[in-house]
Amino acid sequence: MDWVFLSPHLDDAVLSCGGFIFELIQKGERVEICTICAGDPPPGELSPLAEMLHQRWGVTAQSSQITRRQEDRAACQKLGATPFHLDIPDCIYRRNPENGQPLITSNEALFQPLLPAEYPLASQLANQLAAHIPLSSRIVCPLTLGGHIDHHLTRTAAQLIGRPLWYYADYPYLLQHAGRLHEYIAPDWRIEQIAISLDACRAWQDAVACYQSQISTFWTSMEEMRDAICHYWQKGGGSTLWRSLST
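Quick caveat, the model's predicted, so the values are computed rather than measured.

Looking at this model, I keep getting lost on the pairing of strand 4 (residues 138-142). Mind explaining?
The side chains of a regular strand alternate between both faces of the sheet. Among the five residues of strand 4, four are classified as buried, and the element is accordingly described as predominantly covered. Of the strand pairs in this sheet, strand 4 and strand 5 (residues 165-168) are connected by four bridges, and their pairing is parallel. Residue Val140 lies in a different strand from strand 5, and its bridge partner there is Trp166. Chirality of the crossover, the property in question, places the unit of strand 4, helix 5 (residues 149-161) and strand 5 among those that are right-handed.

Below, the structure written as structure tokens:
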């Protein structure tokens, strides 16, 4: 692969970079979307938060990640990208290795730095990624705007690989944190931009629409989602990556 976009969940890279990815592929570049937290829930009782989210998504514990992986494959097909799914469970399913309790018990707790108890997981993930991603591939990871714990896990692991990285702005979290973008970017980073065409915007919208179970997380309808993506595109959103020149 020429490019590997690291996606914390089964939608983040497409939400943030769908138009960019489409344009790369139209130029003949080979793009993989590697989703970090695509694993099934482990055996045992789910937390009330996970059960509540399943109800909103219209899935069960048995079908949740199967459904989401199917959605991601369909979204990647819309863009022409290759999906790759790792087996780490979403943070709503993980348990604290120190006490066995659910790692996340409230919606607010989703947005926090990586917990020290999960540093070994980040190291393990870095080793997986280093073994999977060819040295010639350009690795793109989230800036962690919004502060979701799984986005922190992804960025921490990517940085542990020790290779130059490209970064993307986490959409739609960026909309609530645009004024703080400079806090996530080092002064010596280079900007990489690509013009996103109307066709690319439409492919982006169509790809996001494949994540039917997740639309309600950010929007009230498919129409509202399409309008939001279009507005973001018109403002130049999703057309920029930031490149770190050091490891």
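Would you explain the packing of helix 1 (residues 12-26) against helix 7 (residues 198-209) in this entry?
Packed helices, taken two at a time, are described by the angle their axes make and the gap between the axes. Taken N-terminus to C-terminus, the directions of helix 1 and helix 7 make an angle of 140 degrees; their axes are 8 Å apart at the nearest point. By the angle class used here, helix 1 and helix 7 are oblique. Between helix 1 and helix 7 lies a crossing whose hand is right-handed. Listed contacts from helix 7 to Val14, Leu15, Ser16, Gly18, Gly19, Phe22 and Glu23 of helix 1 are Asp199, Ala200, Ala203, Trp204, Ala207 and Val208. Looking at side-chain class alone, the contact of helix 1 with helix 7 contains eight nonpolar, three polar and two charged residues.

Any chance you could explain the packing of aromatic side chains here in plain terms?
The way to describe two aromatic rings as a pair is by their centre distance and the angle between their planes. Counted under the stated rule, the structure contains eight aromatic pairs. Judged by centre distance (4.1 Å) and plane angle (25 degrees), the ring pair of Tyr171 and Tyr232 falls under stacked. On the criterion of sequence distance, the pair formed by Tyr171 in the loop between strand 5 and helix 6 (174-177) and Tyr232 in helix 9 (residues 222-234) is long-range, its members being 61 residues apart. No difference in accessibility class separates Tyr171 from Tyr232, as the two residues are buried. A centroid spacing of 6.0 Å and a plane angle of 65 degrees characterise the contact between Trp204 and Tyr232, whose relative ring orientation is edge-to-face. Note that Trp204 is positioned in helix 7 and Tyr232 in helix 9, a separation of 28 residues in sequence. Pairwise contacts between aromatic rings join Phe111, Tyr173, Phe218 and Trp219 into one cluster.

Please clarify how helix 9 should be interpreted in this entry.
Residues three or four positions apart in an α-helix share a direction because the helix packs 3.6 residues into each turn. Between its first and last C-alpha, helix 9 extends 18 Å over 13 residues, near the 18 Å set by a 1.5 Å rise per residue. Within the span of helix 9, buried status applies to Met225, Ile229 and Tyr232. All buried residues of helix 9 fall inside an arc of 65 degrees around its axis, so they share one side. In helix 9, the exposed positions angled more than 90 degrees off the buried face are occupied by Glu223 and Gln234. Of the surrounding elements, those touching the buried residues of helix 9 are helix 6, helix 7 and helix 8 (215-218). Once helix 9 finishes, Gly236 follows within two positions and takes phi at roughly 90 degrees, a positive value.

Looking at this structure, I do not really get the pairing of strand 1 (residues 3-7). What am I missing?
Extensive coverage of strand 1 is indicated by the burial of five of its five residues. Alternating residues of strand 1 divide into Trp3, Phe5 and Ser7 and Val4 and Leu6, and every residue in both groups is buried. Following the chain from strand 1 across helix 1 to the adjacent parallel strand 2 (residues 31-35), one finds a crossover that is right-handed. Bridge analysis of strand 1 against strand 4 gives three bridges, and the strand direction is parallel. Among the inter-strand pairings, Val4 is bridged to a residue of strand 4, identified as Ile139.

Is there a simple way to explain the sheet that holds strand 6 (residues 190-193) in this structure?
Pairing within the open sheet is mixed, and its seven strands lie in the order 3-2-1-4-5-7-6. Two strands in the sheet have a free side with no partner beyond their single neighbour: strand 3 (82-85) and strand 6. Each neighbouring strand pair of the sheet contributes to a mean axis angle of 30 degrees, computed without reference to strand direction. Pairing of strand 1 with strand 2, which is carried by five bridges, proceeds in the parallel orientation. The partner of Phe5 across the bridge, within strand 2, is Ile33. Contacts between helix 1 and the sheet are confined to strand 1, strand 2, strand 5, strand 6 and strand 7 (240-243), with strand 1 contributing the most and set at about 165 degrees to the helix.

In this structure, what is going on with the pattern of salt bridges? I would like to understand it.
Oppositely charged side chains are able to pair whenever their charged atoms sit close together. In this structure the tally under the stated criterion is eight salt bridges. The salt bridge involving Asp2 is made with Arg30; its shortest N-O contact spans 3.3 Å. Of this pair, Asp2 sits in the segment before strand 1 while Arg30 sits in the loop between helix 1 and strand 2, and the two are 28 residues apart along the sequence. With its nearest N and O atoms 3.8 Å apart, the salt bridge here joins Arg68 to Asp11. In this pair, Arg68 is assigned in helix 3 (residues 64-79) and Asp11 in the loop between strand 1 and helix 1, connecting sequence segments 57 residues apart. Asp11 carries the same exposure label as Arg68, and that label is buried. Because the salt bridges share partners, they merge into one network encompassing Arg94, Glu118 and Asp150.

Calculation criteria
Each chain carries its own residue numbering, running from 1 in the written order of its sequence. Local features are withheld for residues below a pLDDT of 70 in this predicted model, meaning they are given only at 70 or higher, and side-chain atom pairs are given and counted only at 80 or more; totals for whole chains, interfaces and linings count all residues. Water and hydrogen atoms were dropped before computing side-chain values, which therefore reflect all heavy atoms in the structure. Using a 1.4 Å probe on the protein chains alone, a residue whose accessible area is under 20% of its type maximum counts as buried, one over 50% counts as exposed, and one in between counts as partly exposed. Comment: elements are numbered from the N terminus, with helices defined as DSSP H or I runs of at least four residues and strands as E runs of at least two. Pairing between two strands requires that DSSP report at least two bridges joining them. The definition of a right-handed crossover adopted here requires that, viewed with the strands pointing away, the path from the first strand over the helix to the second runs clockwise. Here an angle of 0 to 180 degrees is reported between the N-to-C directions of two axes, which are lines fitted to C-alpha atoms, with helices fitted over the stretch in contact. In this scheme, roughly parallel covers angles under 35 degrees and roughly antiparallel covers those over 145, while 65 to 115 is roughly perpendicular and the rest are oblique. Take the far helix as your reference; a near helix turned counterclockwise from it by less than a right angle gives a left-handed crossing, and one turned clockwise gives a right-handed crossing. Should any heavy atoms of two residues lie within 4.5 Å, those residues are counted as being in contact. Only Asp, Glu, Lys and Arg are considered charged, only Ala, Val, Leu, Ile, Met, Phe, Trp, Tyr, Cys and Pro nonpolar, and every remaining residue, Gly among them, polar. Two aromatic rings from Phe, Tyr or Trp, using only the six-membered ring of Trp, form a pair when their centres are within 6.5 Å; if the ring planes differ by under 30 degrees the pair is stacked, by over 60 it is edge-to-face, and anything between is tilted. A helix is expected to reach a length of 1.5 Å times the quantity of its residues less one. The arc in question is formed by the directions pointing from the helix axis toward the C-beta atoms. Any Lys or Arg side-chain nitrogen located within 4 Å of an Asp or Glu carboxyl oxygen qualifies as a salt bridge.

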